[in-house]
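# A closer look at the structure
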Amino acid sequence: MIRLVSFDIWGTLIRNNPQFRDARSQIMADALGLANRMEEVKTVASAVDHEIDLITEESGEDFDFKSRFVRVVERLDIDTSSFTKEGIEDLEVKIGEVFVTYAPFFIEPDLISTFTKLKEQGIKIALVSNTGFIRGETMRKGLAKLGILELTDYA
């Protein structure tokens, strides 16, 4: 008998809200003094996301926000030495706030119904994610906004 089902979040249950990617890129562009190059920042950040996702799938290695951000900055040919730990943490918090504001979308529109049926059968639900751009606490806020967190036992 199945007692627990575990789901990876990104690409399995949810996908990014395009407004989030735009807002994230604007925040990074502003922080880098590149407000006039926002589209370039968005393109580079998306490429870094894709590259790191591939590396993670092949190696299992995780990359935190700072590692991802530094790659974006290096690709834009900007000196990373001017960024403090506190400045990067502040940027991560700001990006997390827009993640909650522009919550992701369910890939499967009937996800809430499916999770409800699993719960009715006594099956526990676990959600896992290794995204490095969003902190776990922030991810949980976004999942709560979507109404799925209350249906999970582990997140």
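Notes on the structure in this doc start here. (Residues numbered from 1 in each chain as written. Predicted model: local features only at pLDDT ≥ 70, side-chain atom pairs only at ≥ 80, totals over all residues. Heavy atoms only, no water.)

## Focus: the packing of aromatic side chains
Our working definition: Only Phe, Tyr and Trp rings take part, Trp by its six-membered ring, and two of them pair if their centres are within 6.5 Å. Stacked means planes under 30 degrees apart, edge-to-face means over 60, and tilted covers everything else. Numbering goes from the N terminus for both helices and strands, where a helix is a DSSP run of H or I of at least four residues and a strand is a run of E of at least two. Here's how the labels work: a residue is buried when its accessible area is under 20% of the maximum for its type, exposed when over 50%, partly exposed in between, all with a 1.4 Å probe on protein chains only.
Applying the stated criterion across every chain yields a total of five aromatic pairs. Between the aromatic rings of Phe65 and Phe69, the centroid separation amounts to 5.9 Å while the plane-to-plane angle is 5°, which identifies the pairing as stacked. Of the two residues, Phe65 and Phe69 both sit in helix H3 (residues 65-75), four residues apart, roughly one turn of that helix. Since its relative accessible area comes to 1%, Phe69 is described here as buried.

## Structural notes on the pattern of salt bridges
Our working definition: Definition used for salt bridges: Asp or Glu carboxyl oxygen within 4 Å of a side-chain nitrogen of Lys or Arg.
Applying the stated criterion across every chain yields a total of twelve salt bridges. Close ionic contact of Arg71 with Glu51 constitutes a salt bridge, the shortest N to O distance being 2.4 Å. Here the residue Arg71 occupies a position in helix H3, and Glu51 occupies one in helix H2 (residues 38-59), the gap between them amounting to 20 residues. For Arg71, a relative accessible area of 25% corresponds to the partly exposed category. What makes Glu51 partly exposed here is its relative accessible area of 22%. For Asp90, the salt bridge is made with Lys94, and the minimal N-O distance between the two is 3.4 Å. Residue Asp90 and its partner Lys94 are both found in helix H4 (residues 85-101); the two are separated by four residues, about one turn of the helix.

## Digging into the environment of Leu91
Quick reminder of the rule: In what follows, residue pairs with any heavy atoms lying within 4.5 Å of each other are defined as contacts.
Looking at the element boundaries, Leu91 is found in helix H4. The buried category is assigned to Leu91, whose relative accessible area is 5%. The spacing of Leu91 and Ala31 is 60 residues in sequence and 7.7 Å in space, taken between C-alpha atoms. Every residue in contact with Leu91, bar those within four places of it in the chain, is listed here: Ile27, Met28, Ala31, Phe65 and Phe69.

By themselves, these are just geometric observations and shouldn't be taken as functional.
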